[in-house]
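An overview of the molecular structure
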Amino acid sequence: MEKNIVDIVKGEDNSYSDDSLFNITSFGTDLTYRELVSMYEEGDLEKPELQRKYVWTKKEASKFIDSVLLGLPVPSIFLAKTTEDKRLIVDGYQRIMTMYDYMNGIFSGDKKVFKLASTEEINKKWRGRSFLELSDEEQRRIRTSPIHAIIFEQKSPKNDTGMYQVFERINTGGRTLKPQEIRNCVYHGNFNKLLFELNLEEIWRTILGSKQEDSRMSDVELILRFFAFSDIFSRNEILQNQIILSKYLNDYMHDFRDLDESQYQDKKETFIHTIKSLYELVGINIFRTLKRKNQKINWAKKVNPVIFDAVCSATVYVNRKYPNKLITSEEKYIELLEDKEFKESTTNRTTNVEHIKTRITRAAKILYGVEISYESR
């Protein structure tokens, strides 16, 4: 059973609306399943890079195909037009891949021959049959049946902020997409690839306390936060009184979407060095909160994202400016967690810019004895 490895922070509002939605155009068209499968095979129809895996059961997939064979209406799919004039699947991936699998004969769920479920819910005419075992007329019905597609395109600005909001609002899957799942769809590129590569690092999985990646991508979002908050004082957002966390992470991911090889390696090395150093200096409880009971310390099991941001940002700063001072301990980390200013800035109004400055400043001072001057950065 998958563990929840990251704390949820109250007040980090993930939804927002801005004028970019006014720059979205859309149109509808009917596509046959033969066209969709052909587009997918030829690379004209793309699933977002490293999107959630195929999750439908054989029974769910069979009921969908049964509906198509019966001529019943099915929900529309949503596609986004990319800058390369391709179509990106916004909503409908499970339906498209179900039909792709059935027509090609192998079910993604178990990699076995795809035969419709032999249950009473499936019409007896094609119950338990593969695509090739259907009659010519039934195969033709599947290939030529239309499904309505709504295609979106963001005209401007060219940063996909509006497309993110489209994903957030119209996804009709069985569960609402989390913000990082949406970013994974909208901002696929080298930076997204790096986030997934780093998420597999052994030292990182050890700190998180789980070898299994989070299917909702909370661990991937933590890595994005690592980079975004380490750079926040060189970005325009630092001039605001408050940041909208989801928008800030969206903008950051867009800005570094197409990393070149040098940037890719630099970010990779920075993350690994920082995480490894903190693990070696502080130990397995790094990024976790604590409670004292009769002088006994009880550590939280989950990583706290706000503490993670602050400690990592301070560590990156110190390593860049004063690498010889990158020395700390679990005792220093406990002192930081019990510091009044740090506690206030990590528990109240966490997206307030002054609180962001305070918690990073206190982390650098208490952990490493370094004063941070943001004006000189």
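Computed from a predicted structure; not experimentally measured.

Here the structure, examined in full by the defined rule, presents 24 salt bridges. Lys86 is the salt-bridge partner of Glu46, the closest N and O atoms lying 3.5 Å from each other. Taken together, the positions of Glu46 in strand β2 (residues 45-46) and Lys86 in the loop between β3 (77-81) and β4 (87-91) put the pair 40 residues apart, joining distant regions of the chain. Close ionic contact of Arg362 with Asp339 constitutes a salt bridge, the shortest N to O distance being 2.9 Å. Placement of Arg362 in helix α15 (residues 353-368) and of Asp339 in the loop between α13 (330-337) and α14 (340-347) is noted, with a sequence separation of 23 residues between them. The exposure class assigned to Arg362 is partly exposed, which follows from its relative accessible area of 21%. Its relative accessible area of 14% is what places Asp339 among the buried residues. Each of Lys81, Asp85, Arg87 and Glu153 takes part in one network of salt bridges that share partners.

With that settled, consider the side chain of Gln94. Topologically, Gln94 is positioned in helix α3 (residues 93-104). Using a relative accessible area of 15% as the deciding quantity, one classes Gln94 as buried.

A few words now on helix α1 (residues 33-41). Those residues of α1 lying buried are Tyr33, Leu36, Val37 and Met39. In an axial view of α1, the angular spread of the buried residues amounts to 160 degrees, which keeps them on one side of the axis. Backbone geometry just after α1 places Gly43 at a positive phi near 85 degrees.

Attention shifts here to the environment of Asn192. With respect to the helices and strands, the residue Asn192 is situated in helix α7 (residues 190-198). Within the structure, Asn192 has its side chain in polar contact with the side chain of Asn184 (distance 2.7 Å).

On to the pairing of β4. On a regular strand, each side chain points to the face opposite its neighbour's, so the side chains alternate between the two faces of the sheet. Among the 5 residues in β4, 5 count as buried, and that is most of the element. In terms of strand pairing, β3 meets β4 through 4 bridges, oriented antiparallel. Paired with Phe78 across the two strands is Asp91, which belongs to β4. Between β3 and β4, which follow one another and run antiparallel, lie 5 residues, and Asp85 among them has a positive phi close to 65 degrees.

Moving on, we get to the environment of Phe131. With respect to the helices and strands, the residue Phe131 is situated in the loop between β6 (112-113) and α4 (136-144). Taking C-alpha positions, Phe131 is 9.1 Å from Ile142, a pair spaced 11 residues apart along the chain. The contacts of Phe131, once residues within four sequence positions are left out, are Tyr102, Met103, Phe114, Gln139, Ile142 and Arg143.

Each aromatic ring pair is characterised by the separation of its centres together with the angle its planes make. Evaluation of the coordinates by the stated rule reveals 21 aromatic pairs. Aromatic side chains Phe191 and Phe227 sit 5.9 Å apart centroid to centroid with 65 degrees between the ring planes, which places their arrangement in the edge-to-face category. Here Phe191 is found in helix α7, whereas its partner Phe227 is found in helix α9 (residues 218-230), with 36 residues between them in sequence. Accessibility classification places Phe191 together with Phe227 in one group, the buried group.

The next subject is the environment of Ile272. Inspection of the secondary structure puts Ile272 in helix α11 (residues 261-281). On the basis of relative accessibility, which here comes to 22%, the residue Ile272 falls in the partly exposed class. Along the primary structure Ile272 and Ile203 are separated by 69 residues, whereas in three dimensions their C-alpha atoms are 8.2 Å apart. Residue contacts for Ile272: discarding those within four places in its chain leaves Leu198 and Glu201.

The rules we used
Numbering of residues starts from 1 in every chain and runs along the sequence as written. Thresholds applied to this predicted model are a pLDDT of at least 70 for local features of residues and 80 or more for the giving and counting of side-chain atom pairs; totals over whole chains, interfaces and linings are not thresholded and use all residues. Neither water nor hydrogens contribute to the side-chain values; these are computed over all heavy atoms in the structure. Think of a salt bridge as a Lys or Arg side-chain nitrogen and an Asp or Glu carboxyl oxygen that are within 4 Å of each other. Starting at the N terminus, helices and strands are each numbered in turn, a helix being any DSSP run of H or I of at least four residues and a strand any DSSP run of E of at least two. Three labels apply to residues, based on accessible area from a 1.4 Å probe with only protein chains included: buried if under 20% of the type maximum, exposed if over 50%, partly exposed otherwise in between. The arc refers to the directions leading from the helix axis to the C-beta atoms. Here a polar contact is recorded for every N or O atom pair within 3.5 Å, except that within protein the pair must consist of a potential hydrogen donor and a potential acceptor, and residues adjacent in sequence are included only if both atoms are side-chain atoms. A pair of strands counts as paired when DSSP detects no fewer than two bridges linking them. Contacts are assigned to residue pairs that have any heavy atoms within 4.5 Å of one another. Only rings of Phe, Tyr and Trp enter the pairing, Trp through its six-membered ring, and a pair is recorded when the two centres are within 6.5 Å. The plane angle decides the type: under 30 degrees is stacked, over 60 is edge-to-face, the rest tilted.

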